[in-house]
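Residue-level structural notes
Residue strings, one per chain:
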Amino acid sequence: IAGITQAPTSQILAAGRRMTLRCTQDMRHNAMYWYRQDLGLGLRLIHYSNTAGTTGKGEVPDGYSVSRANTDDFPLTLASAVPSQTSVYFCASSQVWGAEQYFGPGTRLTVT
Amino acid sequence: EDKVVQSPLSLVVHEGDTVTLNCSYEVTNFRSLLWYKQEKKAPTFLFMLTSSGIEKKSGRLSSILDKKELFSILNITATQTGDSAIYLCAVESSGSNYKLTFGKGTLLTVNP
């Protein structure tokens, strides 16, 4: 089934640990995005990639890194998790840069 | 700083009512405005608007953009309980840095 998958669905993580959230799409979309959604703050863009091999910073990039080795995968890494990174993380993709985005099911991350 | 403001923050109606959701924005280098519906999990795309005065329709939902007054409305006619969701407005801006700024959303509850 075409779409975007994210893993894990949820995770509880101790502060200071490293964590990679996975995102894969099979729609051959060129652009991919990572957001976090927090109560009262809405969706905020963390990082994006407009094509394989390139990445860019969004509104709240600090503490996160991404890579885009191929078209399908766009992992988000927290090098040393902190409690303020507790959030719901959504990955999204769009066919081309600036087109409408399609969202994955999200990962609920709790950092204790 | 780019801003996207949605109103009302929440709304409770009865089935069959018509609702209008508002989104106003202040961004530099406006590119497009998007509407999303978010139920329990990921946002799903509704509309992308780039030109003023051209209504987009999908069933009972419609939306229009006013680039002079910097706002958009989302109309839902003959509401159903399945329309209950958070409706998100987002504005894309281009330039040296890509930005997609989301509003905080409008929580719509449709009671039978």
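Quick look at the structure, then. Computed from a predicted model, the values in this text were never measured in an experiment.

Considering the overall build of chain A
The secondary structure content of chain A amounts to 0 helices and 11 strands. Element order for chain A, N to C, with α for helix and β for strand: β-β-β-β-β-β-β-β-β-β-β. Relative to a compact globule of 112 residues, whose C-alpha radius of gyration would be 13 Å, chain A shows 13 Å and is just as compact. Each principal axis of the C-alpha atoms in chain A carries an extent, and together these give about 35 × 25 × 25 Å. Classification of the 112 residues of chain A by burial places 51% in the buried group. Contacts in chain A between residues at least 24 apart in sequence constitute 55% of all its contacts with a sequence separation of at least 6. Accessible area of chain A: about 5,200 Å², with a carbon and sulfur share of 51%. With 9 positive and 7 negative side-chain charges, chain A shows a separation of 8 Å between the mean positions of the two kinds.

A few points about the interface of chain A and chain B
In this complex, chain A contributes 19 residues to the contact, which on the side of chain B involves 16 residues. With both sides pooled, the region where chain A packs onto chain B buries about 1,600 Å², and carbon together with sulfur makes up 60% of that total. Linking chain A with chain B are 0 salt bridges, by the criterion used here. For the pair chain A and chain B, the interface holds 2 residue pairs in polar contact (both at pLDDT 80 or more). Counting only elements with at least two residues in the side of chain A that touches chain B, the list comes to β4 (31–38), β5 (42–51) and β10 (102–103) of chain A. When residues in the side of chain A that touches chain B are grouped by element, the largest group, 4 residues, is from β5 of chain A. Residues of the side of chain A that touches chain B, tallied by class, amount to 12 nonpolar, 6 polar and 1 charged.

Let's talk about the sheet that holds strand β7 (residues 64–66) of chain A
Residue and element names in this part refer to chain A. Strands sit in the order β1-β3-β8-β7 across an open sheet of 4 strands; the sheet is antiparallel. Here the strands that pair on one side only, and so sit at the sheet edges, are β1 (4–7) and β7. Along the sheet, successive strands turn relative to each other by an average axial angle of 20°, direction set aside. Across 3 bridges, the pairing between strand β3 (residues 19–25) and strand β8 (residues 76–78) is antiparallel. The residue bridging Thr20 from the neighbouring strand is Thr77, located in β8.

Regarding the state of the cysteines
Residue and element names in this part refer to chain A. Inspection of every chain in the model, using the stated rule, returns 2 disulfides over all chains. Shown here is the disulfide that connects Cys23 with Cys91, its sulfur atoms set 1.9 Å apart. The sign of the -70° torsion about the S-S bond sets the Cys23-Cys91 disulfide as left-handed. Taken together, the residues span a long stretch of sequence, with Cys23 in strand β3 and Cys91 in strand β9 (residues 87–94) at a distance of 68 residues.

Examining the pattern of salt bridges
Within this structure, the stated rule accounts for 5 salt bridges over all chains. Across the pair Glu39 of chain B and Lys37 of chain B runs a salt bridge, and its minimum N-O distance is 3.9 Å. The class for Glu39 of chain B is partly exposed, based on a relative accessible area of 49%. One continuous salt-bridge network, built from bridges that share partners, spans Arg36, Asp38 and Arg44 of chain A.

Describing the packing of aromatic side chains
Taken as a whole and judged by the stated rule, the model has 10 aromatic pairs over all chains. Following the ring pairs from residue to residue traces out a cluster consisting of Tyr33, Tyr35, Phe90, Tyr102 and Phe103 of chain A together with Tyr36, Phe45 and Phe102 of chain B.

Parameters at a glance
- Residues numbered from 1 in each chain as written.
- Chains lettered and ligands numbered in written order.
- Predicted model: local features only at pLDDT ≥ 70, side-chain atom pairs only at ≥ 80, totals over all residues.
- Heavy atoms only, no water.
- Helix = DSSP H or I, 4+ residues; strand = E, 2+ residues; numbered from the N terminus.
- Rg over C-alpha atoms; globule rule 2.2 N^0.38 Å.
- Buried < 20%, exposed > 50% of the residue type's maximum accessible area, 1.4 Å probe, protein only.
- Contact = heavy atoms within 4.5 Å.
- Areas by Shrake-Rupley, 256 points an atom, 1.4 Å probe, with all protein chains shown as cover.
- Lys, Arg positive; Asp, Glu negative; His and termini not counted.
- Charge placed at Lys NZ, Arg CZ, Asp CG, Glu CD.
- Buried area = accessible area lost by both parts, 1.4 Å probe.
- Salt bridge = Lys/Arg side-chain N within 4 Å of Asp/Glu carboxyl O.
- Polar contact = N/O pair within 3.5 Å; in protein donor to acceptor, adjacent residues only side chain to side chain.
- Nonpolar A, V, L, I, M, F, W, Y, C, P; charged D, E, K, R; others polar.
- Pairing = 2+ DSSP bridges.
- Axes fitted to C-alpha atoms, helices over the stretch in contact; angles between N-to-C directions.
- Disulfide = S-S within 2.5 Å.
- Phe/Tyr/Trp six-rings, centres within 6.5 Å; stacked < 30°, edge-to-face > 60°.

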